[in-house]
Structure formats: C-alpha cells, structure tokens
Amino acid sequence: NDTLVLDGLTKAYNRGKPAEVTVLRGASLAVARGEVVALVAPSGAGKSTLLHIAGLLDTPDAGRVLLAGRDMARSGDGARTRARREEVGFIYQFHHLLPEFTALENIMLPQLANGTSAPAAQARAMDLLARVGVSTRAHHRPAALSGGEQQRVAFCRALANAPRLLLADEPTGNLDPGTSDQVFAALMDLVRETGLSALIATHNLDLAARMDRIVRLDQGRVV
Ligand code: ADP
Ligand code: ADP
C-alpha cells in the first residue's frame, strides 16, 4: 500500500574520475498512501538527487524505485516517461512556469499533453486555482504575479494530471517567511484534500513539523 518505495539506493557522480562524489549509500524510504513526509538535510546532502531518482528524472547506480508497487528504476524509457507524467508531480524552489503563457494555460498544458480535452483541462485548472486562492490571476502571465502567487500556480500545475505522488524540493525556499507560511498552508490543504502522498525536502523545521513524519538524509542514508 506504499505509493513510493526507495530501496537501497546508491548514487555517485563522476564515477571512476578524480571528482567522484558518492551521494547515496543505501538510502531506503517508503511513503505510504496519503502520507506526507518531510526530507530534512543540510545543503549538499543529496536531497535533490534522491528526489530526482524518486521522480524518474535520474537513475540510481543500484537499488529499486517502486511507484505504486512497480519497479521503475530499470524500466524502459517509455514506461518511465509515462509513469513520470501520470503518477508524479514536481515542485521546485523556483516556479519554472512558462513565461509566455498565462497561469491558466500553464496548468492546462500538461493535461493537454496527456490527452485531456481543452474544456476539461480548463475546468480542472480553474478548480485548482480556486483552491489555492488565485482564481483572479488565471489570465495573468507569471511575471505579473507575486512570488507567492507564482508558487501557488506551480502547485496547481504539479497536480494538474492528478498524480499519486508529489515531490517537492524546497517548495517555499525563495519566499519570505510570512509568505512561505501561507503558501505552505495552501499546499498542505491541497495535498490533504486530494489524498496525495508527498515527499517534501525542506530546511525549514517549522514546516517539517507540520508533516506526518520527518526523515533525515545522513551520510547517504535515510534515517
Ligand atoms: P541537496 O539537494 O541536498 O543540496 P544534491 O543532491 O543537489 O544535494 O547534491 C548532493 C551532492 O552531489 C553535492 O555534493 C553536489 O555537489 C553533488 N552533485 C549533484 N549533482 C551533481 C552532478 N550532476 N555532477 C556532480 N556532482 C553533483
Ligand atoms: P509581493 O508583495 O508578493 O512582492 P507584488 O507587489 O509583486 O507582491 O504584487 C502585489 C499584487 O499585485 C499581487 O497580487 C500581484 O499579482 C499583483 N500584480 C503585480 N504586478 C502586476 C501586473 N503587472 N499585472 C497585474 N497584477 C500585478
């Protein structure tokens, strides 16, 4: 019943070269259905590496990545791409919204790419925007939005295709503390309402304390 299982992941960069750096040394973690887990570690500890492997953006040197019970670490590119699109939503510290499209369009695009009809994609996008309190910004481009609004739109985009798993890398890391709190609360409401599983990397222990469980990345292992 686990949405995500990471089992014995190892990962080194620049393997066999002088600049070799071993980041993961047997990292294991299970995220249950509906569970929200905080991943806390100092900068450079390997949080992004772990999230990228969990989200099938990178491959481990060894170990398994089970999404909804299926081992994806060594599946073919087609299966990995499909699983990434359909089952995983990503949020980063910076919103990475497409600047030439409106907030609404940014949330519609991943749905259209997955074959959702335009009216259905628009309805879902408007619903998500309403839930995070930025409906009035639907027709603005990202540059016209405040930092907090941009990040709320990025949450909506991450959830556009109704993933089972949300992976977030310092999702409120570039916001001032007050805005960060509000935006984080909006994210948690959305996650709880949708019953999604989430793995959220953060430096912020106050935010981590609001999640179901806190794990640390220490010496390449999850503790
Ligand atoms: P965190 O997200 O916790 O800051 P990262 O996963 O980004 O940590 O990085 C972990 C370590 O791996 C760091 O020492 C970083 O410099 C190194 N690293 C990350 N990506 C690469 C890469 N593509 N090539 C070489 N080293 C990398
Ligand atoms: P913050 O205090 O978070 O930095 P801003 O001062 O950037 O916020 O924006 C305040 C409000 O004005 C926000 O709701 C934002 O969406 C809106 N806003 C800012 N610039 C524009 C613009 N060019 N067009 C439309 N709305 C804007």
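Residues numbered from 1 in each chain as written. Chains lettered and ligands numbered in written order. Predicted model: local features only at pLDDT ≥ 70, side-chain atom pairs only at ≥ 80, totals over all residues. Heavy atoms only, no water.

So what about the sheet that holds strand β2 (residues 21-32)? Which residues, and what values?
Consider a sheet: its strands pair through backbone hydrogen bonds, and that pairing is either parallel or antiparallel. The four strands are arranged β2-β1-β4-β5 in an open sheet whose pairing can be described as antiparallel. Each edge of the open sheet carries a strand with a single partner, namely β2 and β5 (70-71). Across two bridges, the pairing between strand β4 (residues 62-67) and β5 is antiparallel. Bridging from a neighbouring strand, L67 pairs with R70 of β5. Its contacts with the sheet put helix α1 (residues 47-54) on β1 (2-13), β2 and β4, and the angle it makes with β1 is roughly 125°. (Pairing = 2+ DSSP bridges. Helix = DSSP H or I, 4+ residues; strand = E, 2+ residues; numbered from the N terminus. Contact = heavy atoms within 4.5 Å. Axes fitted to C-alpha atoms, helices over the stretch in contact; angles between N-to-C directions.)

Before we move on, could you go through the sheet that holds strand β10 (residues 221-222) and cite the residues and values that matter?
In space, the six strands of this open sheet follow the order β6-β7-β8-β3-β9-β10, with mixed pairing throughout. Among the strands making up the open sheet, the edge pair consists of β6 (88-91) and β10. Across four bridges, the pairing between strand β3 (residues 36-40) and strand β8 (residues 197-201) is parallel. By the bridge assignment for β8, A38 is matched with I200. Together, β3, β6, β7 (165-169), β8 and β9 (213-218) form the strand contacts of α1, whose direction differs from that of β7 by roughly 155°.

Could you give me a rundown of empty space enclosed by the protein, with the residues and numbers involved?
Using the criterion set out here, one finds one cavity of 30 Å³ or more in the structure. Considered as a void within the structure, the largest cavity measures approximately 40 Å³ in volume. Around the largest cavity, the lining residues are L51, H52, F90, I91, Y92, L167, A168 and D169. For the lining of the largest cavity, the elements supplying multiple residues, two or more each, are α1, β6 and β7. It is β7 that provides the largest number of residues to the lining of the largest cavity, a total of three residues. (1 Å grid on protein atoms, 1.4 Å probe; cavity = no way out; pocket = protein on both sides within 12 Å on 5 of 7 lines; lining within 4 Å. Points joined across faces, edges and corners; volume = space filled by probe spheres on them.)

If you had to explain the nonpolar core to someone new, which residues and values would you point to?
Core analysis: the largest hydrophobic core is formed by 39 residues, its most contacted members being I107, V153 and L166. Elements supplying a minimum of two residues to this core: β3, α3 (103-113), α4 (118-131), α5 (147-159), β7, α6 (177-194), β8 and α7 (205-208). For L166, the contacting residues outside a window of four places in its chain are G89, I91, A158, L159, L187, V191, L196, S197, A198 and L199. Counting 31 residues, the second largest nonpolar core, distinct from the first, contains V37, V88, L217 and V222. (Core = buried A, V, L, I, M, F, W, Y, C linked by side-chain atoms within 4.5 Å. Buried < 20%, exposed > 50% of the residue type's maximum accessible area, 1.4 Å probe, protein only.)

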